[in-house]
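Okay, here's what each chain looks like letter by letter:
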Amino acid sequence: MTFEYAPALESRAIVSIAPSYGLFINGEFVDPTSGKMFKTINPATEEVLAEISEANQSDVNAAVNSARRAYDRIWSVMSGRDRAKYLFRIARLLQERAREFAVLETLDNGKPIRESRDIDVPLAAAHFFYYAGWADKLEYAGLGPNPAPLGVAGQIIPWNFPLLMLAWKLAPALACGNTVVLKPAETTSLTALLFAEICQQADLPPGVVNILTGAGDTGRMIVEHDGINKIAFTGSTEVGKSIQRALAGTNKKLTLELGGKAANIIFDDAPIDQAVEGIVDGIFFNQGHVCCAGSRLLLQESIAEETIAALKLRLQTLRLGDPLDKNTDIGAINSREQLDKIEELIKAGDAEGAERWTAPCEIPQQGWWCAPTIFTNVTQAHRIAREEIFGPVLSVLTFRTPDEAVEKANKTPFGLSAGIWSEKGSRILWMAKQLRAGVIWANTFNRFDPTSPFGGYKESGFGREGGIQGLSAYLQHANASDDQARGTS
Amino acid sequence: MNDRVEVRKTYKLFIGGAFPRSESGRTYEVHDTDDKFLANAAKASRKDGRDAVLAARKGFAAWSSATAYNRGQVLYRVAEVMEGRREQFITDVQAAEGLGDKKSARVVDSAIDRLVWYAGWADKYAQVLGNTNPVAGPYFNFTIPEPTGVVAAVAPQDSSLLGLVSVIAPIVVTGNALIVIASTKCPIPAITLTEVLATADVPNGVINVLTGDPAEITPWLASHGDVNAIDLTGVTSQDLAKQLEIEAAGTVKRVRRPAQPNWLTTPDLGRLASFVEIKTVWHPIGA
């Protein structure tokens, strides 16, 4: 049975995209010194949306200097109460212009408008609202009576949740009194640049937030800059390791939020229909471009067949297509490059002998797309069970006992998240303790909240974003010399 | 009875609750501050380091699942046994650090008191570092600290007992297992401490103590796939510290950089918080 839907397109009239954007340094948009520009593309249509500036070393110098001036003269000496008010303003401005941000995010990223409208943008505003309230209460952060900011923070964020990751980085850093040089991912700069307008509307003092667009080279220049006191990075484990290496022997602090290969574990007493919804949320939310995605489904053997059948049925109802359509469940893959990576791993799954099933959906002519894909007969040794695919591809494995589930779930260098589905409370709490991962979702998956700390174990990184724990990534004891030695944690 | 020939001790490593010599068969001479020969200490090799990681991983399984109450009692027990050997420690520290009677006693007493301080944290730090979170939705959400895993630490070079204890205690009280490399030039207080650990109900493998040259052993620990964190407190060479951080990045280890704090002051929770992971659990609320 199929349902026909009339298109329900969100209007893009609310957004006006400039033909080109400068760098946001010291409160103003300026042309890049190099004059070099790159294109940002709507992944659903391959249409060029705008030209973006590529920041070079002298731009990075200017941004860091501007952040340092703002730190020394204004932001670190301003009362927490006043910093809070700026952050509250930003939260409100984001709420006021929420629809505009949602449409722009969907255009630039390819994610369904339903997600950018209901998740990315409201959560971004909520993050500012939450950390705004911390700015004048930092003596309660657990770091002594007068905790001090770190200085100038360099923040490098990914393309999967562009505005939300900006909020996760900026809100706690600013609340604690740091100033920031932020680099969005090169394929998704537009909402960060629109956020720069929010900073202007909020009358945020110039230099407190600087936004540099560019690719990996720009990021490296920020990481290696002597004027930076702290680096916060969200992205691939590979790049995270190179940043940790680059900071070796320096006094810079570091927090890393890296890759994942989360197990979503379904026990035989779980309500299967709810679990199926959780599996879908776990791996097909945001086209699977989620570091904490539940990409390894661990099914208890006795319910494996039944669950896979129910899952396949459910996936046939998912609608892939125009991200601006309010009915769309699966949007576009963010870039050609990412689609190539996903397809390469799908081929590896085929070649290694796993059994592939692909949801029957029509793929649009233009743009980059990947239909929801499930692999069964997967072994732990397969690449699709070990490597982060970062796409709508689920690897299914089975287990018999809770011990076996724990062993399989933990047998990965990653440790970002995990899911548990069971009606038995004692088992859930036991599993939650055994799983070596920073976020455990029991009978739910992919929930986020500004009050809830997020971050990984092992090679998924260190440090937390969100909650009271998120403050310690941007604060230090005011007078404990021993504390200065805390490097990367 | 000055003509009695004293019975001298062979100083060995402490791995997995046992006292092996270095598998390399090597030793090095230890002298007091007047350059008088004290002992031949074992010179641990990279193989000893790897054996210690194996032992620590085994120790971690038991120790991390022990109750907080139990861990607190074990650490307190270490303090009790140290108190019983107080005179020996004072003599050891005197020889190692060249301190006078009074200062040496103060250092030993501080080390014992430091252990008692950390022992008391065993069942409290989770209440300070953890919490419930008021998420905007029908979910119960809580955050707890858990041990990082296997930690490799370089003990301070100068503060051979107090510094050592101040590095060890926060790592193990939180449920981690540890490989610590004692002060190279004054390892004897650390070796005496291993005799205390062996008789104080510390499960085998939870604390492993190596003597030798950190520059030789630590690169293998920093790059080891089964070590989760490194504490570089006692690393005195900036080049070595940098090299170890680079090695550690290969598996995204948690790193505490070198430091020379005043060990006599009461610490904050910084060290303890360095070797825990923050875990957050969500569950729906519904009738």
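Calculation rules
- Residues numbered from 1 in each chain as written.
- Chains lettered and ligands numbered in written order.
- Predicted model: local features only at pLDDT ≥ 70, side-chain atom pairs only at ≥ 80, totals over all residues.
- Heavy atoms only, no water.
- Helix = DSSP H or I, 4+ residues; strand = E, 2+ residues; numbered from the N terminus.
- Buried < 20%, exposed > 50% of the residue type's maximum accessible area, 1.4 Å probe, protein only.
- Contact = heavy atoms within 4.5 Å.
- Areas by Shrake-Rupley, 256 points an atom, 1.4 Å probe, with all protein chains shown as cover.
- Lys, Arg positive; Asp, Glu negative; His and termini not counted.
- Charge placed at Lys NZ, Arg CZ, Asp CG, Glu CD.
- UniProt positions renumbered as here; feature names shortened; annotations may be inferred.
- Domains from an automatic or database assignment.
- Buried area = accessible area lost by both parts, 1.4 Å probe.
- Axes fitted to C-alpha atoms, helices over the stretch in contact; angles between N-to-C directions.
- Parallel < 35°, antiparallel > 145°, perpendicular 65-115°, else oblique.
- Left-handed = near helix turned anticlockwise from the far one by under 90°.
- Nonpolar A, V, L, I, M, F, W, Y, C, P; charged D, E, K, R; others polar.
- Salt bridge = Lys/Arg side-chain N within 4 Å of Asp/Glu carboxyl O.
- Pairing = 2+ DSSP bridges.
- Core = buried A, V, L, I, M, F, W, Y, C linked by side-chain atoms within 4.5 Å.
- Polar contact = N/O pair within 3.5 Å; in protein donor to acceptor, adjacent residues only side chain to side chain.

### As for the overall build of chain B
Link 1 in the chain: A count of helices and strands for chain B gives 10 helices and 10 strands.
Link 2 in the chain: Projected onto its principal axes, the C-alpha positions of chain B cover 85 × 35 × 30 Å.
Link 3 in the chain: Within chain B, buried positions represent 58% of all 287 residues.
Link 4 in the chain: Counted over contacts in chain B with a minimum sequence separation of 6, partners at least 24 positions apart contribute 77%.
Link 5 in the chain: Of the roughly 11,900 Å² of accessible surface on chain B, a fraction of 52% belongs to carbon and sulfur atoms.
Link 6 in the chain: Taking the average location of the 30 positive side-chain charges in chain B and that of its 31 negative ones, the two points are 4 Å from each other.

### A short note on helix α7 (residues 188-198) of chain B
Residue and element names in this part refer to chain B.
Link 1 in the chain: The buried count for α7 comes to 10 of 11 residues, which makes it a mostly enclosed element.
Link 2 in the chain: Residues of α7 that are buried: I188, P189, A190, I191, T192, L193, T194, E195, V196 and L197.
Link 3 in the chain: Its buried side turned inward, α7 meets β1 (27-31), β2 (37-42), α2 (68-84), α3 (86-97), α6 (162-173) and β7 (207-210).

### Some remarks on the UniProt feature "domain: Aldehyde dehydrogenase" (unreviewed entry) in chain A
Link 1 in the chain: The UniProt feature table records "domain: Aldehyde dehydrogenase" (unreviewed entry) at residues 29-476 of chain A.
Link 2 in the chain: Between the end C-alpha atoms of residues 29-476 of chain A the distance is 32 Å, and the span holds 40% helix and 17% strand.

### What to know about the UniProt feature "domain: Aldehyde dehydrogenase" (unreviewed entry) in chain B
Link 1 in the chain: The residues that UniProt annotates with the feature "domain: Aldehyde dehydrogenase" (unreviewed entry) are residues 23-255 of chain B.
Link 2 in the chain: Annotated as residues 23-255 of chain B, this span is 51% helix and 18% strand, and its ends, taken at the C-alpha atoms, are 28 Å apart.

### Thoughts on the domain arrangement of chain A
Residue and element names in this part refer to chain A.
Link 1 in the chain: With domains assigned, chain A is organised as domain 1 (20-258 + 457-485) and domain 2 (263-442).
Link 2 in the chain: On a C-alpha basis, the centres of domain 1 and domain 2 stand 30 Å from each other.
Link 3 in the chain: In this complex, domain 1 contributes 31 residues to the contact, which on the side of domain 2 involves 33 residues.
Link 4 in the chain: Carbon and sulfur atoms supply 57% of the area buried between domain 1 and domain 2, which totals about 2,700 Å² over both sides.
Link 5 in the chain: Three residues stand out in domain 1 for area buried against domain 2, namely W159, Y457 and K458, and they jointly supply 22% of the buried area on that side.

### Details of the packing of helix α2 (residues 80-96) of chain A against helix α4 (residues 113-134) of chain A
Residues and elements named next belong to chain A.
Link 1 in the chain: Packing of α2 against α4 leaves a shortest axis separation of 8 Å and a crossing angle of 165°. Taken together, α2 and α4 sit at an angle that is classed as roughly antiparallel. Considering the relative orientation of α2 and α4, their crossing is left-handed. On the side of α2, the interface is formed by A84, L87, F88, I90, A91, R92, L94 and Q95, while α4 contributes V121, A124, A125, F128, F129, Y131, A132 and G133.
Link 2 in the chain: When the residues that make up the contact of α2 with α4 are grouped by side-chain class, the tally is 13 nonpolar, 2 polar and 1 charged.

### Here's the deal with the environment of B:I246
Link 1 in the chain: The topology assignment puts B:I246 in helix α9 (residues 238-249).
Link 2 in the chain: With 27 residues separating them along the chain, B:I246 and B:P219 place their C-alpha atoms 9.6 Å apart.
Link 3 in the chain: With residues up to four places along the chain from it excluded, the contact list for B:I246 reads A:R245 and A:A248.

### Observations regarding unusual backbone geometry
Residue and element names in this part refer to chain B.
Link 1 in the chain: In the Ramachandran plot, D35 falls in the positive-phi region, its phi being about 70° despite a non-glycine side chain.
Link 2 in the chain: Checked against the element boundaries, D35 lands in the loop between β1 and β2.
Link 3 in the chain: You can call D35 exposed: its relative accessible area is 60%.

### Digging into the pattern of salt bridges
All names here are of chain A.
Link 1 in the chain: What the rule picks out here adds up to 44 salt bridges over all chains.
Link 2 in the chain: A salt bridge links K39 to E51, with the nearest nitrogen and oxygen atoms 3.4 Å apart. Of the two residues, K39 sits in strand β4 (residues 37-42) while E51 sits in strand β5 (residues 47-53), which places them 12 residues apart along the sequence.
Link 3 in the chain: Residue E51 is classed as partly exposed on the basis of its relative accessible area, which comes to 29%.
Link 4 in the chain: D329 is the salt-bridge partner of R114, the closest N and O atoms lying 2.9 Å from each other. Of this pair, R114 sits in helix α4 while D329 sits in the loop between α10 (304-315) and α11 (336-351), and the two are 215 residues apart along the sequence.
Link 5 in the chain: When its relative accessible area of 31% is taken as the criterion, R114 is described as partly exposed.
Link 6 in the chain: Connected through salt bridges with shared partners, the residues E10, R99 and K326 form a single ionic network.

### Observations concerning the sheet that holds strand β9 (residues 254-256) of chain B
Residue and element names in this part refer to chain B.
Link 1 in the chain: In space, the 5 strands of this open sheet follow the order β7-β6-β5-β8-β9, with parallel pairing throughout. Strands at the two margins of the open sheet, each flanked by one partner only, are β7 and β9. Each neighbouring strand pair of the sheet contributes to a mean axis angle of 15°, computed without reference to strand direction.
Link 2 in the chain: Taken together, the 5 bridges between strand β5 (residues 150-154) and strand β6 (residues 177-181) define a ladder with parallel strand orientation. If you follow A152 over to β6, its bridge partner there is I179.

### Some thoughts on the nonpolar core
Among soluble globular proteins, nonpolar side chains are generally buried collectively.
All names here are of chain A.
Link 1 in the chain: Judged by nonpolar contacts, the single largest core of 117 residues is most densely connected at F128 and F195.
Link 2 in the chain: Considering every element that reaches this core, the biggest residue donor is helix α5 (residues 162-175), with 11 residues.
Link 3 in the chain: Counting the residues that make up this core, at least three belong to each of domain 1 (20-258 + 457-485) and domain 2 (263-442).
Link 4 in the chain: Setting aside anything within four residues of it in sequence, one finds F195 in contact with I90, L94, F101, F128, L163, L166, L170 and I211.

### Focus on the interface of chain A and chain B
Link 1 in the chain: Contact residues are listed per partner, giving 51 residues for chain A and 46 residues for chain B.
Link 2 in the chain: Here chain A and chain B share an interface that buries about 3,700 Å² over both sides, 50% of which is from carbon and sulfur atoms.
Link 3 in the chain: The closest approach of N and O atoms between A:R436 and B:E146, which form a salt bridge, is 4.0 Å.
Link 4 in the chain: Applying the counting criterion to the chain A and chain B interface returns 28 residue pairs in polar contact (both at pLDDT 80 or more).
Link 5 in the chain: A total of 5 residues in the side of chain A that touches chain B trace back to one element, the largest contributor, which is helix α8 (residues 237-247) of chain A.
Link 6 in the chain: Here the side of chain A that touches chain B is built from residues that sort into 20 nonpolar, 17 polar and 14 charged.

### Quick look at the sheet that holds β4(A)
Adjacent strands of a sheet pair through backbone hydrogen bonds, lying either parallel or antiparallel.
All names here are of chain A.
Link 1 in the chain: Strands sit in the order β1-β5-β4 across an open sheet of 3 strands; the sheet is mixed. With partners counted over all chains shown, the strands left at the sheet margins are β1 (20-21) and β4, one partner each.
Link 2 in the chain: As paired strands, β4 and β5 are joined by 6 bridges and run antiparallel to one another. Looking at β5, one finds that T40 is bridged to A50.
Link 3 in the chain: Sheet strands touched by helix α3 (residues 98-109): β4 and β5. Its angle to β4, the strand with the most contacts, is close to 100°.
Link 4 in the chain: Running at roughly 60° to β5, helix α6 (residues 190-201) makes contact with β1, β4 and β5 of the sheet.

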